[in-house]
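Spelled out, the chains give:
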Amino acid sequence: MELWPGAGNLLLLLFLLLLLLLPTLWFCSPSAKYFFKMAFYNGWILFLAVLAIPVCAVRGRNVENMKILRLMLLHIKYLYGIRVEVRGAHHFPPSQPYVVVSNHQSSLDLLGMMEVLPGRCVPIAKRELLWAGSAGLACWLAGVIFIDRKRTGDAISVMSEVAQTLLTQDVRVWVFPEGTRNHNGSMLPFKRGAFHLAVQAQVPIVPIVMSSYQDFYCKKERRFTSGRCQVRVLPPVPTEGLTPDDVPALADRVRHSMLTVFREISTDGRGGGDCLKNPGGVGEARL
Ligand SMILES: CC(C)(COP(=O)(O)OP(=O)(O)OC[C@H]1O[C@@H](n2cnc3c(N)ncnc32)[C@H](O)[C@@H]1OP(=O)(O)O)[C@@H](O)C(=O)NCCC(=O)NCCS
Ligand SMILES: CCCCCCCC/C=C\CCCCCCCC(=O)OC[C@H](COP(=O)(O)O)OC(=O)CCCCCCCCCCCCCC
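Residues numbered from 1 in each chain as written. Chains lettered and ligands numbered in written order. Predicted model: local features only at pLDDT ≥ 70, side-chain atom pairs only at ≥ 80, totals over all residues. Heavy atoms only, no water.

Definition in use: UniProt positions are given in the numbering used here, feature names are shortened, and annotations may be inferred rather than shown by experiment.
Looking at an unreviewed UniProt entry, one finds the protein chain named 1-acyl-sn-glycerol-3-phosphate acyltransferase, with Rangifer tarandus platyrhynchus as its source organism. Database annotation for the protein chain, UniProt heading Function (unreviewed entry): "Converts 1-acyl-sn-glycerol-3-phosphate (lysophosphatidic acid or LPA) into 1,2-diacyl-sn-glycerol-3-phosphate (phosphatidic acid or PA) by incorporating an acyl moiety at the sn-2 position of the glycerol backbone." If you open the UniProt record of the protein chain and go to Sequence similarities (unreviewed entry), you find "Belongs to the 1-acyl-sn-glycerol-3-phosphate acyltransferase family."

### Side note on the pattern of salt bridges
Using the following cut-off: Salt bridge, as used here: a side-chain nitrogen of Lys or Arg that lies within 4 Å of a carboxyl oxygen of Asp or Glu. In DSSP terms, a helix is any run of H or I states spanning at least four residues, a strand is any run of E spanning at least two, and both are numbered starting from the N terminus. Working definition: with a 1.4 Å probe on protein chains only, accessible area under 20% of the residue-type maximum means buried, over 50% means exposed, and in between means partly exposed.
As enumerated under the stated definition, the model contains 11 salt bridges in all. For E115, the salt bridge goes to K77, with nearest N and O atoms at 3.2 Å. Of this pair, E115 sits in helix α5 (residues 109–116) while K77 sits in helix α4 (residues 76–79), and the two are 38 residues apart along the sequence. The exposure class of E115 is partly exposed, given its relative accessible area of 21%. Looking at K77, the relative accessible area reads 8%, which means it is buried. Across the pair E221 and R223 runs a salt bridge whose closest N-O atoms are separated by 3.0 Å. A relative accessible area of 30% means that E221 is categorised as partly exposed.

### What to know about the pairing of strand β3 (residues 121–126)
Let me state the cut-off plainly: Being paired, for any two strands, means DSSP has found at least two bridges between them. By definition, the crossover connecting two strands over a helix is right-handed if that path, from the first strand to the second, turns clockwise as seen with the strands pointing away from the viewer.
Of all six residues that make up β3, six are buried, and the element is covered over most of its length. In terms of strand pairing, β3 meets strand β5 (residues 172–175) through three bridges, oriented parallel. Residue pairing in the sheet places P123 in a bridge with W174 of β5. The sheet contact formed by β3 and strand β4 (residues 145–147) spans three bridges and is parallel. Paired with K126 across the bridge in β4 is I147. The β-α-β motif built from β3, the intervening helix α6 (residues 133–141) and the parallel element β4 has right-handed crossover chirality.

Quick look at the structure:
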């Protein structure tokens, strides 16, 4: 029995339509290519999520489902000709809870994230993502933690619950401490939630830096070509014995070390490419 009569045919039709449109890309202007590539990126993820939902639903809401999403997303880098190079993966603590903090340039971060995502690790995402159709449902089934960034109090209580879950259910959490996407060739000041979380649970922080995308991707210039990205896992930062008073210094220290590595591994040594002509002017379409 079919769950949604005709839905399979519709999806197949959409897929064939996209395949037919693919060769026309060759003749398009760079900005048309940019829009097509971004639309395909989002559309493809929504399509994959439709396939993932029934598989994940068998387990119910479970962090193990993140493995399924990861496996389904890993090929996307090949479709876009993006070489993702991972360094320092040996720094992941082998079997204990921890908090990953990473810079956030674009929704393309999913590519680097899926490349290194440790087992039983769930990202913290903005609540609005829950309403992103099939992708929202797939994220929910995989245990993604949603926070309402406009309600600090609520977000903090969710984070405190997460601190308990880290310890009792042996999970890891992935946080983007900039709190929003930032593609200006640097890093925004860090929000403190991730650091409070690690200190409350007394677990290490694992910083991860993704090199600048600016040599292959720039929203402002409508430029999206193939390219290379380095994902660097830094040594874990212990938090044992730290208290909430230590959080500001801890956050600054971790940001400083990440920014140093970001500049070092980004192609022009400063963390930017052509987009640097417009520092701060490069935003990202809101999801
Ligand atoms: C929890 C969070 C959403 C709160 O957002 P905010 O109010 O805009 O940001 P701040 O980090 O400045 O937090 C405000 C205050 O609450 C404190 N605070 C934050 N998280 C806390 C926590 N888990 N426990 C106790 N206090 C906390 C901060 O220290 C700060 O107090 P201070 O000014 O006295 O230092 C944010 O800290 C955070 O971690 N965001 C990153 C994750 C995220 O947004 N991901 C999704 C999109 S990428
Ligand atoms: C009411 C909103 C409805 C919007 C509907 C738009 C359709 C979206 C189409 C496709 C979804 C593509 C999913 C991309 C995920 C990337 C998320 C992202 O980068 O969000 C940005 C926010 C910050 O927001 P700002 O606007 O302030 O910049 O970042 C976060 O919230 C952290 C994201 C954490 C990533 C979660 C992991 C997602 C796994 C997706 C798996 C989907 C299923 C694949 C089989």
